[in-house]
Amino acid sequence: MQIGTVIGNVWATRKEDHLKGLKFLIVQPESPQGSAIDFAYIAVDRIGAGVGDKVMVTRGSAAANMTSDLRLPIDALIIGIVDSIDVERGDDFAKGTRDD
Amino acid sequence: MQIGTVIGNVWATRKEDHLKGLKFLIVQPESPQGSAIDFAYIAVDRIGAGVGDKVMVTRGSAAANMTSDLRLPIDALIIGIVDSIDVERGDDFAKGTRDD
Amino acid sequence: MQIGTVIGNVWATRKEDHLKGLKFLIVQPESPQGSAIDFAYIAVDRIGAGVGDKVMVTRGSAAANMTSDLRLPIDALIIGIVDSIDVERGDDFAKGTRDD
Amino acid sequence: MQIGTVIGNVWATRKEDHLKGLKFLIVQPESPQGSAIDFAYIAVDRIGAGVGDKVMVTRGSAAANMTSDLRLPIDALIIGIVDSIDVERGDDFAKGTRDD
Amino acid sequence: MQIGTVIGNVWATRKEDHLKGLKFLIVQPESPQGSAIDFAYIAVDRIGAGVGDKVMVTRGSAAANMTSDLRLPIDALIIGIVDSIDVERGDDFAKGTRDD
């Protein structure tokens, strides 16, 4: 799963069937240490996340496991709102070689 | 899901069975802030998107969830035509470090 | 799906069961505008593609949807032989910023 | 699968249903030769891994195969704690061209 | 699928259930033309590959299709030992622009 921060919303009236009513949020992916690591993307949210929340996102077809009956064509799902992140060792990848 | 703009069409007469009749569009992937982020690719469209439309695309095997009975060998599906994108915070990744 | 050109063949006598008889082709992935975009890889072909053909390839586990009964361990499938590609707007990503 | 070292923990009280009780660890991905190769990410652990352990991680929707009945929306699973790695030939990719 | 060369082994006593008895090999991914293209990773082998063998690898959740009954949490499977590779046209991507 990937850490990220919710930075906005997307609206689309014309959609694939079965996707009506889903909430689509824009997530900026980040390393656990807090640096932005790639371009922002769109994730489905069902747990009440909002702009500014730090979240965990499942990417790829596993996101569709949110429904066990009818699998939906979605590839990113917010699965948790982060309370705290505890990195005990290792520098952020972006900052160069790890020190252990 | 990824934001993108439809920029063209692809035609292929000789195809895998079960793919006859599907519409294949060329999508230029973009960040929610609007910059091109990778090479264009081909996505299936069933909701009537056309050249110039800003769309949401599901990539990977979740695209095949568009049909619940017979799963098709497709890896990109246009799932929505974007009405509006609201980025409330954060610079575009391409433009450098985020400001929050 | 990805555009590519078939550039060769791979032979492997010792294989996972259920893969006997499949044809494995080498595909050079390309942007719809025609530039090489990554290293070549191996794709399964069932529709009679050959060296020099421009093809559409489905990558990832959706490739295994080519068989509905027994799913095979393959991650790339040629799904179409391209007749024509029509890019109506947008420069190739490799060439810099898009012009719209 | 990918080699990595567990470097921390993530806590999230508000979560998708069915994910309660799972342990989420932060993993720094590494080459088998030991160099950090990308940003750290979050993986589910059920086998008792802890900070400092070298682990094998399955990424993507195959991680959800850990449960055969109800598939969960997770995309990374620690599948083993590494006893030893034996690289018999080849330089680390990061260090330049291989020597064979 | 990806071409690669087996360069070593990984041992892990403590593992997810159902993975006991599987053989885990280290694979250096290569272009069909023979250049190393990324960091090495771990793949499951059931067909008797060994260090020095050139192999075809299926990556992602399709690797789990090796078993049709119980799907395992693995994301890379050696599916063939390469007899020969015939690249009829196109330079290696690493070496610059293709010549056709």
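Refer to the structure above for everything that follows.
Residues numbered from 1 in each chain as written. Chains lettered and ligands numbered in written order. Predicted model: local features only at pLDDT ≥ 70, side-chain atom pairs only at ≥ 80, totals over all residues. Heavy atoms only, no water.

Caption draft 1: Highlighting the pairing of strand S4 (residues 41-45) of chain D. Residues and elements named next belong to chain D. Extensive coverage of S4 is indicated by the burial of five of its five residues. Residues Tyr-41, Ala-43 and Asp-45 of S4 are buried on one face, and the alternating residues Ile-42 and Val-44, pointing to the opposite face, are buried as well. As paired elements, S4 and strand S6 (residues 76-81) share two bridges and run parallel to each other. Counterpart to Asp-45 in the pairing with S6 is Ile-78. (Buried < 20%, exposed > 50% of the residue type's maximum accessible area, 1.4 Å probe, protein only. Helix = DSSP H or I, 4+ residues; strand = E, 2+ residues; numbered from the N terminus. Pairing = 2+ DSSP bridges.)

Caption draft 2: Inspection of the packing of aromatic side chains at higher detail. Summed over the entire model, instances satisfying the criterion amount to five aromatic pairs over all chains. For the pair B:Phe39 and C:Phe93, a centre-to-centre distance of 5.4 Å together with 75° between the ring planes defines the contact as edge-to-face. Taken together, the positions of B:Phe39 in the loop between strand S3 (23-30) and strand S4 (41-45) and C:Phe93 in the segment after strand S7 (84-87) put the pair across two chains. Lying over the aromatic face of C:Tyr41, C:Arg59 brings its terminal NZ or CZ to 3.5 Å of the ring centre. (Phe/Tyr/Trp six-rings, centres within 6.5 Å; stacked < 30°, edge-to-face > 60°. Lys NZ or Arg CZ within 6 Å of the ring centre and 35° of its normal.)

Caption draft 3: Representation of the relation of the copies chain E and chain C within the structure. Least-squares fitting of chain E to chain C yields an RMSD of 0.0 Å, with the transformation described by 0.0 Å of translation along the axis and a rotation of 72°. The superposition operator between the copies reduces to a five-fold rotation axis. Among all C-alpha atoms of chain E, that of E:Ser61 lies closest to the rotation axis, at 5.0 Å. The share of interface residues of chain E whose copies in chain C are also at the interface is only 8%, consistent with the copies meeting through different surfaces. (Least-squares fit on C-alpha atoms with pLDDT ≥ 70 in both. Contact = heavy atoms within 4.5 Å.)

Caption draft 4: Examining the relation of the copies chain D and chain A more closely. Of the transformation placing chain D onto chain A, the axial shift is 0.0 Å and the rotation is 72°, giving an RMSD of 0.0 Å. The two copies present different faces, since only 8% of the interface residues in chain D are matched by interface residues at the equivalent positions in chain A.

Caption draft 5: Representation of the interface of chain D and chain A within the structure. Contact with chain D, which involves 37 residues of that partner, is made by 40 residues of chain A. Area buried by chain D at its contact with chain A is led by D:Arg14, D:Glu16 and D:Phe39, which between them contribute 25% of it. Linking A:Arg46 and D:Glu16 is a salt bridge whose minimum nitrogen-to-oxygen distance equals 2.5 Å. On the surface where chain D and chain A come into contact, there are 17 residue pairs in polar contact (both at pLDDT 80 or more). Elements with a contribution of two residues or more to the side of chain D that touches chain A: strand S1 (2-11), strand S2 (14-15), strand S3 (23-30) and S4 of chain D. Among the elements that make up the side of chain D that touches chain A, the one with the highest residue count is S1(D) (seven residues). Its residues assigned to classes, the side of chain D that touches chain A comprises 23 nonpolar, seven polar and seven charged. Pairing between strand S6 (residues 76-81) of chain A and S2(D): two bridges, direction antiparallel. (Buried area = accessible area lost by both parts, 1.4 Å probe. Salt bridge = Lys/Arg side-chain N within 4 Å of Asp/Glu carboxyl O. Polar contact = N/O pair within 3.5 Å; in protein donor to acceptor, adjacent residues only side chain to side chain. Nonpolar A, V, L, I, M, F, W, Y, C, P; charged D, E, K, R; others polar.)

Caption draft 6: A look at empty space enclosed by the protein. Per the stated rule, a full pass over the model turns up one cavity of 30 Å³ or more. Approximately 40 Å³ is the volume found for the largest cavity. Along its surface, the largest cavity is lined by B:Glu16, B:Asp17, B:His18, B:Leu70, B:Arg71, B:Leu72, B:Pro73, C:Asn65 and C:Met66. Across the lining of the largest cavity, the residue classes break down as four nonpolar, two polar and three charged. (1 Å grid on protein atoms, 1.4 Å probe; cavity = no way out; pocket = protein on both sides within 12 Å on 5 of 7 lines; lining within 4 Å. Points joined across faces, edges and corners; volume = space filled by probe spheres on them.)

Caption draft 7: Region of the structure containing the interface of chain E and chain C. Residue-level contacts link 39 residues of chain E with 37 residues of chain C. Between chain E and chain C, roughly 3000 Å² of surface is buried when both sides are summed, and carbon and sulfur atoms account for 60% of that area. Along the contact surface separating chain E from chain C lie one salt bridge. At the surface where chain E touches chain C, the tally comes to 17 residue pairs in polar contact (both at pLDDT 80 or more). Mapped by element, the contributors of at least two residues to the side of chain E that touches chain C are strand S5 (54-59), strand S6 (76-81) and strand S7 (84-87) of chain E. With five residues, the top contributor of residues to the side of chain E that touches chain C is S6(E). A per-class count over the side of chain E that touches chain C returns 19 nonpolar, ten polar and ten charged. Note that strand S1 (residues 2-11) of chain C and S7(E) share four bridges and pair antiparallel. Within S7(E), the residue paired with C:Val10 across the bridge is E:Ile85.

Caption draft 8: Expanded view of unusual backbone geometry. The backbone of B:His18 shows a phi angle near 75°, a positive value even though the residue is not glycine. Looking at the element boundaries, B:His18 is found in the loop between strand S2 (14-15) and S3.

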